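Read off the chains here:
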Amino acid sequence: MLMASPSQNIVFYGDLNCPFCFAEYERLVRLGHAETVEWRGVEHAPRLPLSWEESTDADLAELDEEVRRVQVSAPEILIRNPRGRPNSRLAIATLAAIERVNSTAALAARVGLYRALWQEGRDISRPEVIREICEAVGLPGVDAAGEGRRRAKVWTIEWTHGPFDRRIPVLTGETQERLLGLAGPEQLARFLETPFDRLSYQDACREELLHANRKKG
């Protein structure tokens, strides 16, 4: 793994319905890089049914194993197993459309969609769920047709034909430095050339977990 130069633009390729991508993105948020890293959504499982109610027993077993692995690899990230793996096509296209007009709102919507699925167990393939999250960040009536879908398709083609072995998540720099798969917070910080304060990172995680437990109680 090569280290990215801080002067380079860094791109994150990931899917909303991948628990490893969720954990990596949460770590970017905690390290203060969610705004500086360019997120490009890809469909790593484009043949998923539109409704997660159609998930097979094998699909659910695979999902359960992936969530368990994230819980072991990223114990500081609050993640729950949803009832299925949603098709991410509409959500990714919606984020691509938002990014064209308001990058700050796109960041908020992206975090909202990730957490809606992996912490709240909501089906983010449903238009009404996507619309509610968009409205919460001040963007009612986002149309994912046209440019949003085109940009999302380009992102997936870039990832499919890039030197990434079709793995996600991916972090890559302009000169092909890349970090494949879920990285630990210190490894991620080194790639981003960001000082990593273990105590402050863990304290932030602990506060979030305490807040979540209070909500459950």
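The structure under discussion appears in the preceding block.
The following refers to the structure shown. Since the structure is predicted, the reported quantities are computational estimates derived from the model, not experimental observations. The residue numbering used here restarts from 1 in each chain and proceeds along that chain's sequence as written. The model is predicted, so local features are restricted to residues of pLDDT at least 70 and side-chain atom pairs to those at 80 or more, both for listing and for counting; the totals for chains, interfaces and linings are taken over all residues. Working from all heavy atoms in the structure, the side-chain values ignore hydrogens and water.

Right, let's get into the nonpolar core. Looking at soluble globular proteins, one finds that nonpolar side chains tend to be buried together. Throughout this description, the term nonpolar core refers to a set of buried Ala, Val, Leu, Ile, Met, Phe, Trp, Tyr and Cys residues connected via side-chain atoms within 4.5 Å. Relative accessibility thresholds used throughout: buried, under 20% of the residue-type maximum; exposed, over 50%; partly exposed, between the two (1.4 Å probe, protein chains only). One finds Phe12, Leu16, Tyr25, Trp39 and Tyr114 to be the most contacted residues of the largest nonpolar core, which totals 58 residues. Secondary structure follows DSSP: runs of H or I at least 4 residues long count as helices, runs of E at least 2 residues long count as strands, and numbering of each begins at the N terminus. Here this core gets ten residues from one element, more than from any other, and that element is helix α4 (residues 103-118). Contact partners of tryptophan 39, with chain neighbours within four places excluded, come to Phe12, Gly14, Leu16, Tyr25, Ile92, Leu95, Arg110, Tyr114 and Trp155. Any two residues whose heavy atoms approach within 4.5 Å are treated as being in contact.

Now for the pairing of strand β1 (residues 11-14). Of the two faces of β1, both are covered, the one formed by Val11 and Tyr13 as well as the one formed by Phe12 and Gly14. Two strands pair under a simple rule: DSSP has to find at least two bridges between them. The pairing of β1 with strand β2 (residues 38-41) spans four bridges and is classified as parallel. By the bridge assignment for β2, valine 11 is matched with glutamate 38. At this point the chain moves from β1, through helix α1 (residues 19-30), to the parallel β2, and the crossover so formed is right-handed. Pairing between β1 and strand β3 (residues 170-172): three bridges, direction antiparallel. Among the inter-strand pairings, tyrosine 13 is bridged to a residue of β3, identified as valine 170. A clockwise path from the first strand over the helix to the second, with the strands pointing away from the viewer, defines a right-handed crossover.

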